[in-house]
Amino acid sequence: MSKNVLITGGAGFIGSTIALKLLKKGYQVTVLDSLSPQIHGENPDNSELYQRIKGKVNFIKGDVRNRQDWEKALENQNIIVHLAAETGTGQSMYDIQKYVDINIGGTALLWDILTNKKTAVEKVVVASSRAIYGEGRYHCAKDGDVYPIERRDEDMAKGDFEVKCPICNGEVELVGTTEDSKIHPTSTYGLTKHTQEELSLMIGKSIGIPVVTYRYQNVYGPGQSLKNPYTGILSIFSTIIKNGNDINIFEDGLETRDFVYIDDVADATILGIEKEEANFHSFNVGTGEKTDVLTVAKTLIEKYGIPTEVKVSGNYRLGDIRHNFADISLIHNLLGFTPKVSFDEGIGHFADWVNQQEIEKDNYEASIAEMKEKGLYK
Ligand SMILES: NC(=O)c1ccc[n+]([C@@H]2O[C@H](COP(=O)([O-])OP(=O)(O)OC[C@H]3O[C@@H](n4cnc5c(N)ncnc54)[C@H](O)[C@@H]3O)[C@@H](O)[C@H]2O)c1
Ligand SMILES: [Zn+2]
């Protein structure tokens with residue numbers, strides 16, 4: 001018998017991609033999503049993401065902060081993929097209560113219901129993030145593996161952006177972040193993601209419902225919200241380029257991220273749904289490769305063929321990390337996951353998709369002004 005899967009946040013970028021893949025595999029898919037205007041715009045009929053799943057899944061418009069919405073959505077479900085969340089790292093530094101309410105509160109409500117009501121739920125998959133690691137893992141020639149603390153405002157103000165050894169203050173070399181690396185988020189967002197994980201693993205164990213959590217790196221690809229100025233660097237740059245504006249790059253442009261293609265992320269998540277070996281594990285999902293932000297900007301400009309000035313501004317946001325890339329040995333060894341799409345190929349698919357989209361006015365500057373006003377952007 002095919003299983004019933006509930007995807008919260010299933011109208012979003014990652015959720016809709018997983019939903020379509022699960023439908024192809026014969027699952028019955030229900031989506032619980034509030035159609036947040038920050039992602040879908042004021043009129044969801046114009047939301048490409050929502051349109052992808054509309055009429056194909058059993059759609060419930062609702063909020064994960066609302067018990068009735070959860071109860072309705074949970075009826076007859078076997079597997080829960082909990083993705084609904086607020087996702088902007090920078091925004092989470094001033095919209096603190098909202099981030100805690102939706103990300104932690106929403107997850108708490110789910111477990112409250114699963115603990116107190118009889119349901120058919122057999123497994124819960126939770127989206128976590130690389131943001132829980134804060135700065136990734138580094139190696140110091142003197143002190144071995146180290147976890148640099150948040151960079152100091154006064155260093156960054158001088159243009160010194162690299163992290164230092166927290167013990168000897170010397171130079172450190174970046175290495176892949178393994179799942180057992182130190183958890184020390186530098187944003188409210190990261191903190192909420194870690195709490196979601198811990199709460200789910202702990203309560204899941206106590207009531208015998210297997211939990212799998214995924215620490216996604218920077219996910220990109222077709223469908224990524226072009227409306228949300230708070231997250232998704234490829235989308236943000238694309239909107240700026242298409243609007244004919246200059247790109248202002250934070251720091252010195254050499255900060256790096258691990259960009260993982262959407263289809264690979266969906267496939268990794270589905271492995272967790274289907275494989276028992278995944279139960280009660282937390283997995284990194286990335287490529288294990290790092291790309292600097294300047295390269296991202298230049299590659300996009302080249303793909304669109306629109307001359308764009310790139311200014312390396314030296315500005316920075318408090319709470320941002322310098323580097324992070326995943327060590328993906330665990331998910332490879334336990335679930336057989338290997339990412340299939342290289343950054344070069346993936347960014348090509350992404351740019352082709354953007355070329356077919358209607359591009360809205362670039363409101364990135366407004367989001368920066370918001371951070372400046374709150375003293376979080378320097
Ligand atoms: N995209 C990434 O790079 C990335 C990286 C790490 C982790 N994640 C995590 O993966 C998950 C999905 O991310 P995404 O990129 O698809 O984000 P997204 O913003 O595209 O999708 C999130 C969906 O959740 C919905 N939503 C928001 N608040 C809600 C609420 N209160 N109730 C119900 N629905 C609500 C939104 O309408 C949206 O459709 C999130 O939990 C995010 O933290 C994403
Ligand atoms: Zn040292």
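You'll find the structure just up there.
This section reports on the structure supplied with the text. Quick caveat, the model's predicted, so the values are computed rather than measured.

1. Topic: the site of ligand 1
- If you check the shell around ligand 1, you find 29 residues, and the closest are Asp33, His40, Leu83, Tyr189 and Lys193.
- A distance of 3.2 Å separates an oxygen atom of ligand 1 from a polar atom in the backbone of glycine 12.
- Note that an oxygen atom of ligand 1 is positioned 2.6 Å from one of the side-chain N or O atoms of tyrosine 189.
- Elements with a minimum of two residues in the shell around ligand 1: helix H1 (13-24), helix H2 (37-40), strand S5 (123-129), helix H7 (188-207) and strand S10 (218-220).
- Here the shell around ligand 1 gets 3 residues from one element, more than from any other, and that element is S5.
- When its residues are assigned to classes, the shell around ligand 1 shows 14 nonpolar, 11 polar and 4 charged.

2. A short note on helix H5 (residues 96-116)
- Taking 1.5 Å per residue, 21 residues should reach 30 Å; H5 reaches 29 Å between its end C-alpha atoms and fits that length.
- Maximum bend of H5: about 30 degrees, positioned at glycine 105.
- Within the span of H5, buried status applies to Tyr99, Ile102, Asn103, Gly106, Thr107, Leu109, Leu110, Trp111, Ile113 and Leu114.
- For H5, the secondary structure elements touched by its buried residues are helix H4 (67-74), strand S4 (79-82), S5, H7 and strand S9 (211-216).

3. Remarks on the sheet that holds strand S8 (residues 173-174)
- With antiparallel pairing, the 3 strands of this open sheet are ordered in space as S7-S6-S8. At either end of the open sheet lies a strand with only one pairing partner, and these are strand S7 (144-146) and S8.
- As defined by bridge partners, strand S6 (residues 138-140) adjoins S7 across 3 bridges and the pair is classed as antiparallel. Among the inter-strand pairings, histidine 139 is bridged to a residue of S7, identified as aspartate 145.

4. Points about the nonpolar core
- Counting residues in hydrophobic clusters, the biggest one holds 64 residues, and the most contacted among them are Ile7 and Tyr216.
- Sort the elements by how many residues they give to this core and helix H10 (residues 293-304) lands first, with 7 residues.
- In this view, tyrosine 216 contacts Ile14, Ile18, Leu83, Ala127, Ser128, Ser129, Arg130, Val265, Thr269 and Val285; residues no more than four positions away in its chain are not counted.
- Core analysis: the next-biggest nonpolar cluster, separate from the first, contains 21 residues, Ala73, Leu109, Val126 and Leu201 among them.

5. What about the pattern of salt bridges?
- Across all of its chains, the model carries 21 salt bridges by this definition.
- As a salt-bridge pair, aspartate 155 and arginine 152 come within 3.3 Å of each other at their nearest N and O atoms.
- Arginine 152 sits in the partly exposed class, given a relative accessible area of 45%.
- The partner of glutamate 197 in a salt bridge is arginine 215, with the nearest N and O atoms 2.8 Å apart. Of this pair, glutamate 197 sits in helix H7 while arginine 215 sits in strand S9, placing them 18 residues apart in sequence. Across the pair, exposure class does not vary: glutamate 197 and arginine 215 are buried alike.
- Through salt bridges that share partners, Glu135, Arg151, Glu162, Glu251, Asp252, Glu255 and Arg322 make up one connected network.

6. Observations concerning unusual backbone geometry
- Unlike most non-glycine residues, asparagine 169 shows phi in positive territory, near 65 degrees.
- Take asparagine 169: it is sitting in the loop between helix H6 (153-157) and S8.
- The backbone of phenylalanine 280 shows a phi angle near 65 degrees, a positive value even though the residue is not glycine.
- Within the secondary structure layout, phenylalanine 280 lies in the loop between helix H9 (262-274) and strand S14 (282-285).

7. Concerning the sheet that holds S14
- Across the sheet, 7 strands lie side by side as S3-S2-S1-S4-S5-S9-S14; this open sheet has parallel pairing. Either end of the sheet is taken by a strand with one partner, and the two such strands are strand S3 (58-61) and S14. Recorded for the sheet is a direction-independent mean angle of 20 degrees between the axes of neighbouring strands.
- Here S4 runs beside S5; their pairing, made up of 4 bridges, is parallel. Paired with isoleucine 79 across the bridge in S5 is lysine 123.
- Taken strand by strand, H1 contacts strand S1 (4-8), strand S2 (28-33) and S9, and its axis lies near 165 degrees from that of S1.
- Across the sheet, H9 touches S4, S5, S9 and S14, and the angle it forms with S9 is around 165 degrees.

Cut-offs used in this document
- Residues numbered from 1 in each chain as written.
- Chains lettered and ligands numbered in written order.
- Predicted model: local features only at pLDDT ≥ 70, side-chain atom pairs only at ≥ 80, totals over all residues.
- Heavy atoms only, no water.
- Near = heavy atom within 4 Å.
- Polar contact = N/O pair within 3.5 Å; in protein donor to acceptor, adjacent residues only side chain to side chain.
- Helix = DSSP H or I, 4+ residues; strand = E, 2+ residues; numbered from the N terminus.
- Nonpolar A, V, L, I, M, F, W, Y, C, P; charged D, E, K, R; others polar.
- Expected span 1.5 Å × (residues − 1).
- Bend = angle between axes of the 7 residues up to and from the residue.
- Buried < 20%, exposed > 50% of the residue type's maximum accessible area, 1.4 Å probe, protein only.
- Contact = heavy atoms within 4.5 Å.
- Pairing = 2+ DSSP bridges.
- Core = buried A, V, L, I, M, F, W, Y, C linked by side-chain atoms within 4.5 Å.
- Salt bridge = Lys/Arg side-chain N within 4 Å of Asp/Glu carboxyl O.
- Axes fitted to C-alpha atoms, helices over the stretch in contact; angles between N-to-C directions.

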